[in-house]
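# Per-entry structural report
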Amino acid sequence: MDKWTIKTTSPEETAQLAERVGELVQAGDVLTLEGDLGAGKTSFTKGLAKGLGVTRVVSSPTFTIIKEYKGRIPLYHMDVYRLDEGAEELGLEEYFEGEGVSVIEWASIIREQLPNDRLDIVVTHAGDTTRELSFFARGIRYEQLCKELATWATH
Ligand code: ADP
Ligand code: MG
């Protein structure tokens, strides 16, 4: 399954879905999040962190660009919105290939540096508290992940 779309009707529902993603991810996984301001990218990451067993409060890393959290495996939460130049100096590859899972908000800004294999997640407003989440699996690993998510969501 290389594309999967689901609608959520509350922040809690998005968090639950993301929590499941947090349970399924493995070391070296790379997930990108695209969507307008207020779409739910950070909310999704918070849910994912919960699924990873992160106990610290996850906040938007807009000004720090990268925040690292301890969980079952580390979470590298990135928000590259304010990054115009100097992406090369951040050593992003080391995070992408590291022991943890990378979650990147506004990832299209660093498109050239992203690994080919990754899970792209696009969040769009579909109403006041309704969001459409589309998962694009780039590579077999993520196709499998999408399949597991879809199975989980229909039970
Ligand atoms: P972003 O990081 O994309 O700018 P945030 O996650 O910070 O967005 O904010 C999303 C906002 O939308 C939160 O205030 C959240 O409560 C609200 N919201 C309403 N409905 C949903 C939903 N179904 N899924 C996720 N967030 C939702
Ligand atoms: Mg955000």
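The rules behind the values
Residues numbered from 1 in each chain as written. Chains lettered and ligands numbered in written order. Predicted model: local features only at pLDDT ≥ 70, side-chain atom pairs only at ≥ 80, totals over all residues. Heavy atoms only, no water. Phe/Tyr/Trp six-rings, centres within 6.5 Å; stacked < 30°, edge-to-face > 60°. Helix = DSSP H or I, 4+ residues; strand = E, 2+ residues; numbered from the N terminus. Buried < 20%, exposed > 50% of the residue type's maximum accessible area, 1.4 Å probe, protein only. Pairing = 2+ DSSP bridges. Donors = N, O, S within 2.8 Å, 3.2 Å for Na, K, Ca; no water. Axes fitted to C-alpha atoms, helices over the stretch in contact; angles between N-to-C directions. Parallel < 35°, antiparallel > 145°, perpendicular 65-115°, else oblique. Left-handed = near helix turned anticlockwise from the far one by under 90°. Contact = heavy atoms within 4.5 Å. Nonpolar A, V, L, I, M, F, W, Y, C, P; charged D, E, K, R; others polar. Near = heavy atom within 4 Å. Polar contact = N/O pair within 3.5 Å; in protein donor to acceptor, adjacent residues only side chain to side chain.

Under an unreviewed UniProt entry, the name given to the protein is tRNA threonylcarbamoyladenosine biosynthesis protein TsaE, and the source organism is Alkalihalophilus pseudofirmus.

### Comments concerning the packing of aromatic side chains
What the rule picks out here adds up to 4 aromatic pairs. On the numbers, 5.3 Å between centres and 35 degrees between planes, the contact of tryptophan 4 with phenylalanine 135 is tilted. Taken together, the residues span a long stretch of sequence, with tryptophan 4 in strand β1 (residues 3-8) and phenylalanine 135 in strand β7 (residues 131-138) at a distance of 131 residues. Both residues of the pair, tryptophan 4 and phenylalanine 135, belong to the buried class.

### Let's talk about the pairing of β1
On any regular strand, side chains alternate: one points to one face of the sheet, the next to the other face. Burial along β1 is one-sided: the face carrying Trp4, Ile6 and Thr8 is buried and the face carrying Lys3, Thr5 and Lys7 is not. For β1 and β7, the ladder comprises 6 bridges, and the chain directions are antiparallel. Directly across from tryptophan 4, in β7, lies its bridge partner phenylalanine 135.

### What to know about the coordination of the magnesium ion (ligand 2)
The protein atoms that coordinate the magnesium ion (ligand 2) are Thr42 (OG1) and Glu105 (OE), at distances of 2.2 to 2.4 Å. Of this pair, threonine 42 sits in helix α2 (residues 41-51) while glutamate 105 sits in strand β5 (residues 101-105); the two residues are 63 residues apart in sequence, bridging distant segments of the chain. Both residues of the pair, threonine 42 and glutamate 105, belong to the buried class.

### Some words on the packing of helix α1 (residues 11-24) against α2
In the contact formed by α1 and α2, the axes pass within 6 Å of each other and the chain directions differ by 45 degrees. Taken together, α1 and α2 sit at an angle that is classed as oblique. Handedness of the α1/α2 crossing: right-handed. Across the interface between the two elements, Thr14, Ala15, Ala18, Glu19, Val21, Gly22 and Glu23 from α1 touch Phe44, Gly47, Leu48, Lys50 and Gly51 from α2. Here the contact of α1 with α2 is built from residues that sort into 5 nonpolar, 4 polar and 3 charged.

### Re the site of ligand 1
Neighbouring ligand 1 are 16 residues, the closest being Thr14, Gly38, Lys41, Thr42 and Ser43. For ligand 1, an oxygen atom lies 2.8 Å from a polar atom in the backbone of threonine 42. One of the side-chain nitrogen or oxygen atoms of serine 43 is found 2.6 Å away from an oxygen atom of ligand 1. Elements that contribute at least two residues to the shell around ligand 1 include exactly α1 and α2. Broken down by class, the residue content of the shell around ligand 1 amounts to 3 nonpolar, 8 polar and 5 charged.

### Details of the pairing of β7
Here strand β6 (residues 118-125) runs beside β7; their pairing, made up of 8 bridges, is antiparallel. Looking at the pairing, leucine 119 lines up with alanine 137 of β7. A loop of 5 residues connects β6 with β7, the two strands running antiparallel in sequence, and glycine 127 in this loop sits at a positive phi of about 150 degrees.

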